[in-house]
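Each chain, written out:
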Amino acid sequence: MEKGPVELRMVTPIPDGTGSLNGFADASRSQYEGTNGDVEETERFLPDGQVNKPGKQFTDHEGKASFGMSVFNLGNAIMGSGILGLAYAMANTGIVLFVLLLVSVALLSVYSIHLLLKTAGIVGIRAYEQLGYGAFKTPGKVAAGCAITLQNIGAMSSYLYIVKTELPTVIRTLLDTDKSAWYLNGDYLVVIVTIAVILPLALMKNIGYLGYTSGFSLMCMVFFLIVVIYKKFQITCPEEEENLKSYLNETTLWNVTQAVPLTTQPPPDAGNEQCVAHYVTINAKTAYTVPILAFAFVCHPEVLPIYTELQKPTRRRMQKVANLSVFTMFIMYLLTAIFGYLTFYQTVEDELLHRYKKEDQLILCVRLAVLIAVTLTVPIVHFPVRKAILEMLFPGKPFSWVRHVLIAVALLSVIVTLVITVPNIRDIFGFIGSTSAPCLIFIFPAIFYIRNVPEDKEPMRSPQKIGAALFGLLGVAFMVMSLGLLINNWVSPEAGGSVGGH
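Everything numeric in this text was worked out from a predicted model, so none of it was measured. (Residues numbered from 1 in each chain as written. Predicted model: local features only at pLDDT ≥ 70, side-chain atom pairs only at ≥ 80, totals over all residues. Heavy atoms only, no water.)

Q: I would appreciate a short explanation of the overall build of the protein chain in the present structure.
A: Broken down by element type, the protein chain carries 15 helices and 4 strands. Taking all 502 residues of the protein chain together, the buried fraction comes to 54%. Put simply, of all contacts in the protein chain between residues at least 6 apart along the chain, 81% involve residues at least 24 apart. Within the structure as shown, the protein chain displays about 21,400 Å² of accessible surface, and the carbon and sulfur contribution to it stands at 65%. (Helix = DSSP H or I, 4+ residues; strand = E, 2+ residues; numbered from the N terminus. Buried < 20%, exposed > 50% of the residue type's maximum accessible area, 1.4 Å probe, protein only. Contact = heavy atoms within 4.5 Å. Areas by Shrake-Rupley, 256 points an atom, 1.4 Å probe, with all protein chains shown as cover.)

Q: I would appreciate a short explanation of the environment of Val71 in the present structure.
A: Within the element layout of this structure, Val71 appears in helix α2 (residues 67-78). Distance in space between the C-alpha atoms of Val71 and Thr328 is 9.5 Å, their sequence separation being 257 residues. Residues in contact with Val71, not counting those within four places in the same chain, are Val321, Leu324 and Ser325.

Q: What am I meant to see in the environment of Arg126 here?
A: Among the structural elements, Arg126 can be located in the loop between α4 (95-123) and α5 (128-175). Residue Arg126 is classed as buried on the basis of its relative accessible area, which comes to 3%. Placed 180 residues apart in sequence, Arg126 and Ile306 show a C-alpha to C-alpha distance of 9.4 Å.

Q: Is there a simple way to explain unusual backbone geometry in this structure?
A: With the exception of glycine, the majority of residues adopt a negative phi angle, and the majority of peptide bonds are in the trans configuration. Even without being a glycine, Lys137 presents a positive backbone phi close to 60°. Relative to the elements of secondary structure, Lys137 occurs in helix α5. Phi is positive for Tyr345, which is not a glycine, with a value near 50°. Relative to the assigned elements, Tyr345 resides in the loop between α11 (315-344) and α12 (361-393). Tyr345 sits in the buried class, given a relative accessible area of 14%.

Q: In this structure, what is going on with the packing of aromatic side chains? I would like to understand it.
A: Each pair of aromatic rings is reported with the distance of its centres and the angle of its planes. Overall, the coordinates contain 11 aromatic pairs when judged by the stated rule. Summarising the aromatic geometry, the rings of Phe344 and Tyr356 are spaced 5.0 Å apart at their centres and angled 75° between planes, so their arrangement reads as edge-to-face. Within this pair, whereas Phe344 is found in helix α11, its partner Tyr356 is found in the loop between α11 and α12, the two being separated by 12 residues in sequence. For the pair Phe344 and Tyr356, one class covers both residues: buried. (Phe/Tyr/Trp six-rings, centres within 6.5 Å; stacked < 30°, edge-to-face > 60°.)

Q: Sorry if this is basic, but what is going on with α11 here?
A: Given 3.6 residues per turn, any residue in an α-helix points the same way as the ones three and four places further on. Taking 1.5 Å as the rise per residue, α11 with 30 residues should run 44 Å; its terminal C-alpha atoms sit 43 Å apart, in good agreement. Taken from the residues just after α11, Tyr345 is the one with a positive phi, measuring 50°. (Expected span 1.5 Å × (residues − 1).)

Q: Mind showing me how you'd approach the packing of helix α7 (residues 211-232) against α12 here?
A: Packed helices, taken two at a time, are described by the angle their axes make and the gap between the axes. It is at 8 Å that the axes of α7 and α12 come closest, and there the two elements cross at 150°. Considering their axes alone, α7 and α12 lie roughly antiparallel with respect to each other. Considering only the axes of α7 and α12, their crossing is left-handed. Two secondary-structure elements touch here, α7 through Thr213, Ser214, Phe216, Ser217, Cys220, Met221, Phe223, Phe224, Val227, Tyr230 and Lys231 and α12 through Leu362, Ile363, Cys365, Val366, Ala369, Val370, Ile372, Ala373, Leu376, Thr377 and Ile380. (Axes fitted to C-alpha atoms, helices over the stretch in contact; angles between N-to-C directions. Parallel < 35°, antiparallel > 145°, perpendicular 65-115°, else oblique. Left-handed = near helix turned anticlockwise from the far one by under 90°.)

Q: Would you take a moment to explain the confidence of the model for the protein chain for this structure?
A: When pLDDT is low, close inspection of the predicted coordinates is not appropriate. Confidence in the prediction for the protein chain averages 79 pLDDT; 77% of positions are at 70 or higher. Note that pLDDT drops below 50 for residues 251-271; the model gives that stretch 35 contacts with residues more than four away or on any other chain. (pLDDT = per-residue confidence, 0-100.)

Q: What is the right way to look at the side chain of Ser325 in this model?
A: Considering the arrangement of structural elements, one finds Ser325 in helix α11. Looking at Ser325, the relative accessible area reads 1%, which means it is buried. Of the polar contacts made by the side chain of Ser325, one reaches the backbone oxygen of Val321; its length is 2.8 Å. Once residues within four sequence positions are removed from consideration, Ser325 is found in contact with Val71, Leu74, Gly75 and Ile78. (Polar contact = N/O pair within 3.5 Å; in protein donor to acceptor, adjacent residues only side chain to side chain.)

Q: Sorry, what's going on with empty space enclosed by the protein here?
A: Empty space among the atoms becomes apparent when a probe as large as a water molecule is rolled across them. For the structure shown, the criterion picks out 7 cavities of 30 Å³ or more. Taken as a whole, the largest cavity spans an internal volume of roughly 70 Å³. Along the walls of the largest cavity sit 13 residues, with Met79, Gly80, Ser81, Met221 and Val374 positioned nearest its centre. Counting only elements with at least two residues in the lining of the largest cavity, the list comes to α7 and α12. Among the residues forming the lining of the largest cavity, the class breakdown is 8 nonpolar, 5 polar and no charged. (1 Å grid on protein atoms, 1.4 Å probe; cavity = no way out; pocket = protein on both sides within 12 Å on 5 of 7 lines; lining within 4 Å. Points joined across faces, edges and corners; volume = space filled by probe spheres on them. Nonpolar A, V, L, I, M, F, W, Y, C, P; charged D, E, K, R; others polar.)

If you want it as structure tokens, here you go:
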């Protein structure tokens with residue numbers, strides 16, 4: 001029998017005498033034990049006496065998502081449209097440097113999630129915004145909520161922008177027509193896909209229910225990876241001159257569609273010079289790939305909501321979900337980059353699919369699979385934004401379907417309007433990704449950990465807090481570098497590249 005919504009029970013933070021806030025004071029301390037300052041979370045998140053039902057978790061409902069479904073959801077949150085540009089990133093860094101950077105950012109992402117989960121376990125809160133409140137009161141909660149909202153609106157807009165630009169081409173190719181019909185208009189198609197597919201999924205109350213669609217989305221991306229590997233052994237390099245001319249025509253079409261100026265093209269007589277794999281490459285575009293890779297594992301706004309939905313939610317169990325999700329995406333990213341790069345070498349495009357022949361039927365299926373994948377990712381990314389708005393505007397309010405539906409409709413309306421009306425939103429995505437992403441990945445987890453973990457558990461000079469402080473400084477460096485590259489790109493567009501995004 002399905003239970004009705006249970007009101008979220010918040011415990012007022014009580015000073016513990018050390019200058020830090022502890023969400024449950026002495027009653028909560030009995031729930032944690034550890035040595036050398038390492039705090040472990042037990043199976044139950046609240047003492048049994050604080051809720052009516054024994055074992056009830058700190059959430060507005062019982063966690064129902066299995067371990068596998070949680071991995072699907074978090075993996076789908078990590079997997080962004082940026083996977084299409086990883087081969088291009090490898091072309092501008094070289095194989096060895098790319099692998100080193102990818103390994104580094106994967107490990108940093110795991111460490112960042114570790115900080116979030118440990119902070120949440122100690123404070124007794126599984127909401128990113130409430131961690132901000134525990135650290136800096138209302139300004140901290142607002143800062144976290146705004147960063148989540150900006151980052152995820154940018155991500156959702158980028159996914160729908162792919163639908164706007166790619167879906168008309170897929171339909172036109174399937175129908176084998178050049179006619180101008182309403183169903184070939186990207187603006188209409190974005191509205192239809194949003195209403196018919198995204199809105200019903202976004203209206204689901206619990207993120208755990210999206211595990212099935214997340215699994216299907218990931219399978220679509222696995223199909224994309226398989227085809228990329230298969231095409232490596234089908235396409236020879238250097239290509240015939242007529243194929244290269246066809247590529248130039250298609251690239252021009254794609255760049256016009258995306259309102260991106262076409263600058264330089266690989267010459268037809270490049271021959272073997274264009275088809276040599278480089279292990280380390282340093283050029284004007286190398287610096288642009290660093291923030292792109294750094295943001296390749298952005299999933300932090302979704303971590304705590306998925307943690308809340310997890311069955312038997314302990315910190316160790318959720319850390320395993322995160323580790324498996326990051327490792328799986330690392331393998332997919334690495335294989336996509338290597339085989340995409342070794343197919344086209346120096347002639348690879350910033351979006352890998354644009355490099356293949358448009359009339360290739362197998363690639364057409366891949367385009368359709370990518371469209372399905374990004375469409376099904378939007379509801380996952382939508383969930384933390386709605387939660388952030390609720391935390392900022394309606395804290396402590398019981399669940400309301402009317403409020404739930406209105407927020408979802410308003411959010412999707414804003415995103416669709418942005419996608420339709422803004423002709424070139426790459427710079428907007430770049431600015432959002434260069435500001436909110438470093439905050440969510442590096443700066444906030446580090447600061448929230450330092451401020452929320454009591455000093456009697458971990459002094460300020462402890463290795464854990466010193467490591468968190470250095471991690472936060474790394475995030476500041478990433479933000480400065482990303483903004484610098486973005487401004488340089490605005491001032492000197494010929495420098496190329498794009499920064500940020502997901």
